[in-house]
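# Observations on the model geometry
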Amino acid sequence: MRLTLVCLMKPVLHGYFRSSCSWRVRIAFALKGIEYDQVAVNLIKDGGQQLTEQYKTLNPMQQVPAVEIDGVTLSQSLAVIQYIDETRPGPRLLPADPKARAQVRMISDLIASGIQPLQNLSVLQKIGAEKLPWAQHFINRGFQALEPILKQTAGKYCVGDEISMADICLVPQVYNAERFKVDVGQYPTIKRLNETLAEIEAFKLSHPSRQPDTPAVLQA
């Protein structure tokens, strides 16, 4: 009975409106139709609320997101997404076919490990005045690898014609690229996929401009 009650509780997402990793989890929840609560963790206010001892108990890496779900606390967005996919009904976020599933994981890891961490706030704070060219360099470097991969794997979406974890990773990264003034037009496949995904309700609802902690000046 206790386990059943725990599983019936709404998940709690501790995140930040503009965090790519938090956004990935929001997209996954929206695609699955899962109701959840949000607790804002402001990465800038008070020197960074993720650095408090209280938050460190949730995520020892002191990053967002942290997700309380089914009696456990999970960090790392791809682990959260895969847990959601394995435990909740709704559209699959990883394909059943082993080759397609490996392609989804490859693209997701390329973005989540090879591109996005190099624009993390903690990294940019260390870089200082050179943060814009730094971010542009590493986004372009990653997109130059990602574009030919997507040319081979994409149908309507990143891998074939079903939305997957790869698409969940792509959209926040393109948003970051545009924030850092990268010309996404250089990458026609990335640009096409992003434009297609941006019209889907789950991606609209999870957008940084529509979150409870979005500053008024940035709200849609």
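Attention here is on the structure that accompanies the text. Since the model is a prediction, treat every value here as computed from it, not as a measurement. (Residues numbered from 1 in each chain as written. Predicted model: local features only at pLDDT ≥ 70, side-chain atom pairs only at ≥ 80, totals over all residues. Heavy atoms only, no water.)

### Here we look at helix α2 (residues 20-32)
What counts here: Secondary structure is summarised from DSSP: a helix means a run of H or I of at least four residues, a strand means a run of E of at least two, and numbering begins at the N terminus for each. What a helix is expected to span follows from its residue count: subtract one and scale by 1.5 Å. Only protein chains enter the area calculation, which uses a 1.4 Å probe; residues under 20% of their type maximum are buried, those over 50% are exposed, and those in between are partly exposed. Within 3.5 Å is the distance limit for a polar contact, defined as a pair of N or O atoms, with the added protein rule that one can donate a hydrogen and the other accept it, and that residues adjacent in sequence qualify only through two side-chain atoms.
Taking 1.5 Å of rise per residue, 13 residues should cover 18 Å, and α2 covers 19 Å from first to last C-alpha, within 8% of that figure. Burial analysis of α2 places twelve of its 13 residues in the buried class, the great majority of the element. Considered for burial, the residues of α2 that qualify are Ser20, Cys21, Ser22, Trp23, Arg24, Val25, Arg26, Ile27, Ala28, Phe29, Leu31 and Lys32. Capping the start of α2, Ser19 holds a side-chain oxygen 3.3 Å from the backbone nitrogen of Cys21, two or three residues further along. Looking one or two residues past α2, Gly33 carries a phi angle of roughly 70°, positive in sign.

### Concerning the pattern of salt bridges
Stated formally: Only one rule defines a salt bridge in this text: a Lys or Arg side-chain nitrogen within 4 Å of an Asp or Glu carboxyl oxygen.
Under the definition given, this model contains four salt bridges. In this structure, Asp37 and Lys10 form a salt bridge, with 3.2 Å as the shortest nitrogen-oxygen distance. With a gap of 27 residues between them, Asp37 in strand β2 (residues 37-40) and Lys10 in the loop between α1 (2-8) and β1 (12-15) connect regions that are remote in the sequence. Taking the relative accessible area as the measure of exposure, Asp37 reaches 34% and is therefore partly exposed.

### What about the side chain of Glu147?
Inclusion rule: We count Lys and Arg on the positive side and Asp and Glu on the negative side, and we leave His and both chain ends out. We call two residues in contact whenever any of their non-hydrogen atoms come within 4.5 Å of each other.
With respect to the helices and strands, Glu147 occurs in helix α7 (residues 131-153). Buried charge Glu147 goes without a salt bridge, the closest partner of opposite sign being Lys151 at 4.3 Å. Within polar-contact distance, the side chain of Glu147 engages the side chain of Thr189 at 2.7 Å. The contact partners of Glu147, leaving out residues within four places of it in the chain, are Tyr187, Pro188, Thr189 and Ile190.

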